[in-house]
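Letter by letter, the chains look like this.
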Amino acid sequence: MKIGKVIGNVWATRKEESLRGLKLMVVQPVGADEAGERASFVAVDCVSAGIGETVLVTLGSSARKALANPESPVDAAIVGIIDGCDEA
Amino acid sequence: MKIGKVIGNVWATRKEESLRGLKLMVVQPVGADEAGERASFVAVDCVSAGIGETVLVTLGSSARKALANPESPVDAAIVGIIDGCDEA
Amino acid sequence: MKIGKVIGNVWATRKEESLRGLKLMVVQPVGADEAGERASFVAVDCVSAGIGETVLVTLGSSARKALANPESPVDAAIVGIIDGCDEA
Amino acid sequence: MKIGKVIGNVWATRKEESLRGLKLMVVQPVGADEAGERASFVAVDCVSAGIGETVLVTLGSSARKALANPESPVDAAIVGIIDGCDEA
Amino acid sequence: MKIGKVIGNVWATRKEESLRGLKLMVVQPVGADEAGERASFVAVDCVSAGIGETVLVTLGSSARKALANPESPVDAAIVGIIDGCDEA
């Protein structure tokens, strides 16, 4: 999973039916000091995250396991809000 | 999911049967200021997107969940047209 | 999906049984002007592509949906031969 | 699979129900001397790894196969503790 | 699929039960002259590859299709030993 920071929201009136009602947030990976890993992406919020919070994001088909409807076309889901992290 | 800009269409007369009738569009990732994340790719349009529009794209096997035939060999689908995005 | 150019063939006498009879071609991503996205890879040809042709490639588990035997250990398949592409 | 070094733990009180009870560790890829491959990530520990240990990590949907509940939204799992590695 | 060179073996006494008996080899991608694509990784050997051999590697969930137990937490498998490759 990725650690990221929620930096915004995204709105899309015209979208896939199964995405309706899902909160789409823009996440910036944290600690990715290297090229290619810093690009922000959009994730479905599953834990009521707020802008500025540090979150845990699951990517790929596993992200769908966090959704009420696992048949939605989703490849990223916010699955936790990080309280702390002790890196040696 | 990725935020991208639709920059073109692609035609392929000789193609997998299950891709027939699907609109194939070229998408350039947006906000990917880093190397490796800017490469354009092809996605199936599921929301009648037009060239120049900013779109939401689902990647990987989850993309197939947006298709009428989820057994098609597709790894990217345009699933929303972005109205707005408030990045803090 | 990726747009790529077929640049060669690959032979492997000792290989997984379910790969027998599949044509393995070397593909170079096109338009990936960025580092990390230009590395060539091997894809199973599903549309009788030839060397030098510009092709549409599906990656990941979705690639298996293009195969007669979707249980083969394949993560890339050539699913179309590109006639044209109008990038704005 | 990736070889990585465990460099920390992560806590998230507010998280997906199915992640409860899982030990979340921060892993830094080893030997990834190239940009884009060094970004640390979070993996579920399945073999009682400790901080500082060199571990084997499975990524993507395959990671869920290491979990008691394979329906959890997990995309990385520590599946081995590396004793040795003889690189020619 | 990736073309890679087998550069070593990996041992892990403490590991996931379903990985027991599988030969874990370190593979270095070949031809990946770009950053981010050269990082070595670990793959399960399915065709009795030896150190120094050039091999064909399947990545992601498709790798599991090469295993006797497709429920093992594996994301990379050596599925062929390359005899030849004619790049135009």
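Residue positions within a chain follow its written sequence, with the count starting from 1. Each chain takes a letter, starting from A, and each ligand takes a number, starting from 1, following the order in which they are written. Residue-level local features of this predicted model are given only where pLDDT is at least 70; pairs of side-chain atoms are given and counted only at 80 or more, and the full residue set underlies all totals for whole chains, interfaces and linings. Hydrogens and water are ignored here; the side-chain numbers use all heavy atoms of the structure.

With an unreviewed UniProt entry as reference, chain A is termed Ethanolamine utilization protein EutN, source organism Pseudodesulfovibrio cashew. UniProt positions are given in the numbering used here, feature names are shortened, and annotations may be inferred rather than shown by experiment. Word for word, the UniProt comment on chain A under Subcellular location (unreviewed entry) is "Bacterial microcompartment".

Q: Would you mind going over the interface of chain B and chain A with me for this structure?
A: Interfaces are frequently sized by the accessible area removed from exposure as the parts join. Chain B puts 29 residues into the contact, and the matching count from chain A is 31 residues. Here's the idea: put two parts together, see how much 1.4 Å probe accessible area each one loses, and the total over both is what we call buried area. Taken together, both faces of the contact between chain B and chain A bury some 2,500 Å²; the carbon and sulfur share is 51%. For salt bridges, the criterion is a side-chain nitrogen of Lys or Arg within 4 Å of an Asp or Glu carboxyl oxygen. Counting across the chain B and chain A interface gives one salt bridge. Measuring nitrogen to oxygen at the nearest pair gives 2.7 Å for the salt bridge that ties K65 of chain B to E71 of chain A. Definition of a polar contact: a pair of N or O atoms within 3.5 Å, with one able to donate and the other able to accept a hydrogen when the atoms are protein atoms, and with sequence-neighbouring residues admitted only if both atoms are side-chain atoms. Across the contact surface, chain B and chain A share 15 residue pairs in polar contact (both at pLDDT 80 or more). At the level of secondary structure, the elements contributing two or more residues to the side of chain B that touches chain A comprise β5 (54–59), β6 (76–81) and β7 (84–87) of chain B. Pairing between strands is defined by DSSP: at least two bridges between the two strands are required. Only DSSP runs of H or I with at least four residues qualify as helices, and only runs of E with at least two residues qualify as strands; both kinds are numbered from the N terminus onward. Summarising the sheet, strand β1 (residues 2–11) of chain A and β7 of chain B pair through four bridges and their orientation is antiparallel. In the sheet register, N9 of chain A faces β7 of chain B, and the bridge partner there is D86 of chain B. Here a residue-residue contact requires only that any non-hydrogen atoms of the pair lie within 4.5 Å.

Q: What's the story with the relation of the copies chain B and chain A in this structure? I'm lost.
A: Think of it as a corkscrew move, a rotation about one axis and a shift along it, taking one chain copy to the other. Our superposition of the copies is a least-squares fit, built on the C-alpha atoms of residues whose pLDDT is at least 70 in both. Mapping chain B onto chain A calls for a screw motion: a turn of 72 degrees about the axis and a shift of 0.0 Å along it, with 0.0 Å RMSD after fitting. Read as a symmetry element, the transformation amounts to a five-fold axis. Counting the interface residues of chain B, we find that no more than 7% of their copies in chain A are interface residues as well, pointing to two distinct contact surfaces.

Q: How do you make sense of the pattern of salt bridges when you look at a structure like this?
A: Oppositely charged side chains can form a pair if their charged atoms are brought close together. Per the counting criterion, the structure on display carries 18 salt bridges over all chains. Between R20 of chain B and E17 of chain B there is a salt bridge, and its shortest N-O distance comes to 3.3 Å.

Q: Before we go on, may I ask you to explain the pairing of strand β4 (residues 41–45) of chain B in this structure?
A: Residues in a regular strand point their side chains to alternate faces of the sheet. All names here are of chain B. Type-normalised accessible area, obtained with a 1.4 Å probe on protein chains alone, sets the label of each residue: buried when under 20%, exposed when over 50%, and partly exposed for intermediate values. Along β4, five of the five residues are buried, which leaves the element largely enclosed by surrounding structure. The pairing of strand β3 (residues 24–29) with β4 spans four bridges and is antiparallel. Within the sheet, the bridge partner assigned to V27 lies in β4 and is F41.

Q: What should I look at first to understand the relation of the copies chain C and chain B in this one?
A: Rotating chain C by 72 degrees and translating it 0.0 Å along the rotation axis places it on chain B, where the RMSD comes to 0.0 Å. Here only 7% of the contact residues of chain C are again contact residues in chain B; the copies associate through non-equivalent surfaces.

Q: Even after reading the chapter, I still don't get the interface of chain C and chain B, so can you show me in this structure?
A: Taken together, the contact between chain C and chain B spans 29 residues of the former and 31 residues of the latter. With both sides pooled, the region where chain C packs onto chain B buries about 2,500 Å², and carbon together with sulfur makes up 51% of that total. Our enumeration of links across chain C and chain B arrives at 15 residue pairs in polar contact (both at pLDDT 80 or more). Every element with two or more residues in the side of chain C that touches chain B is listed here: β4 (54–59), β5 (76–81) and β6 (84–87) of chain C. Here the nonpolar group is Ala, Val, Leu, Ile, Met, Phe, Trp, Tyr, Cys and Pro; Asp, Glu, Lys and Arg are the charged ones; every other residue, Gly included, is treated as polar. Among the residues making up the side of chain C that touches chain B, the classes are represented as 16 nonpolar, six polar and seven charged. Examined bridge by bridge, strand β2 (residues 14–15) of chain B and β5 of chain C share two bridges and lie antiparallel to one another. Of the residues in β5 of chain C, the one forming a bridge with R14 of chain B is I81 of chain C.

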